[in-house]
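Fold and geometry: a report
If you want the building blocks of each chain, they are given just below.
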Amino acid sequence: MGNMKYRAALYMRLSKDDGGAESSSIQSQRSLLLSYAGEHGFSVYNEYVDDGWSGTSFDRPEFRRMLRDIEAGRVNMVITKDLSRLGRDYIMTGHYM
């Protein structure tokens, strides 16, 4: 019996500044997030991937699309590798949380 009441967004971001480290790669993040969702029985609504976008701005296309899905009630949980994937501005990251 899973937690099907949750409709999760899997959010991934990779900045050009991340240096292409494999531990941060989109594929690595996707595998980690899918495993986590599966282990906890969370239903995944969609994946949102901002590849090549800096975390210093929240004006990223997939982040904005995810916010629209949250506001529309399609998503009620966000899973990301760590808070720095959401953003590097910790005040605004806290605001979105």
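What counts as what
- Residues numbered from 1 in each chain as written.
- Predicted model: local features only at pLDDT ≥ 70, side-chain atom pairs only at ≥ 80, totals over all residues.
- Heavy atoms only, no water.
- Buried < 20%, exposed > 50% of the residue type's maximum accessible area, 1.4 Å probe, protein only.
- Helix = DSSP H or I, 4+ residues; strand = E, 2+ residues; numbered from the N terminus.
- Arc of directions from axis to C-beta.
- Core = buried A, V, L, I, M, F, W, Y, C linked by side-chain atoms within 4.5 Å.
- Phe/Tyr/Trp six-rings, centres within 6.5 Å; stacked < 30°, edge-to-face > 60°.
- Lys NZ or Arg CZ within 6 Å of the ring centre and 35° of its normal.
- Expected span 1.5 Å × (residues − 1).

As a further point, take helix α2 (residues 61-71). Those residues of α2 lying buried are Glu-62, Phe-63, Met-66, Leu-67 and Asp-69. One side of α2 holds all its buried residues, which, seen down the axis, span an arc of 160°. Backbone geometry just after α2 places Gly-73 at a positive phi near 80°.

Okay, the nonpolar core next. Grouped together as the largest cluster of nonpolar side chains are 10 residues: Ala-8, Leu-10, Met-12, Leu-14, Ile-26, Leu-33, Ala-37, Phe-42, Met-77 and Ile-79. Secondary-structure elements contributing two or more residues to this core are β1 (3-14), α1 (26-40) and β3 (77-80). Looking at this core element by element, the count peaks at four residues for β1.

This part covers the packing of aromatic side chains. Under the counting rule described, the total for this entry stands at six aromatic pairs. Residues Tyr-36 and Phe-42 carry aromatic rings whose centres are separated by 6.2 Å and whose planes lie at 40° to one another, so their mutual orientation is tilted. For Phe-42, a relative accessible area of 14% corresponds to the buried category. Every member of this aromatic cluster is reached through a ring pair, and the members are Tyr-11, Phe-58, Phe-63 and Tyr-96. Here Arg-60 stacks its cationic end above the ring of Phe-63, 4.9 Å away from the centre of that ring.

Quick look at the environment of Ser-28 now. On the secondary structure map, Ser-28 appears in helix α1. Residue class for Ser-28 comes out partly exposed when judged on its relative accessible area of 24%. Remark: the alpha-carbon pair of Ser-28 and Lys-81, spanning 53 residues in sequence, is separated by 9.6 Å.

Right, let's talk about α1 for a bit. Taking 1.5 Å as the rise per residue, α1 with 15 residues should run 21 Å; its terminal C-alpha atoms sit 21 Å apart, in good agreement. For α1, the full list of buried residues reads Ile-26, Gln-29, Leu-33 and Ala-37. Viewed end-on, α1 has its buried residues packed into an arc of 65°, placing them on one side of the element. Seen from the buried face of α1, the exposed residues on the opposite side, beyond 90 degrees, are Gly-38 and Glu-39.

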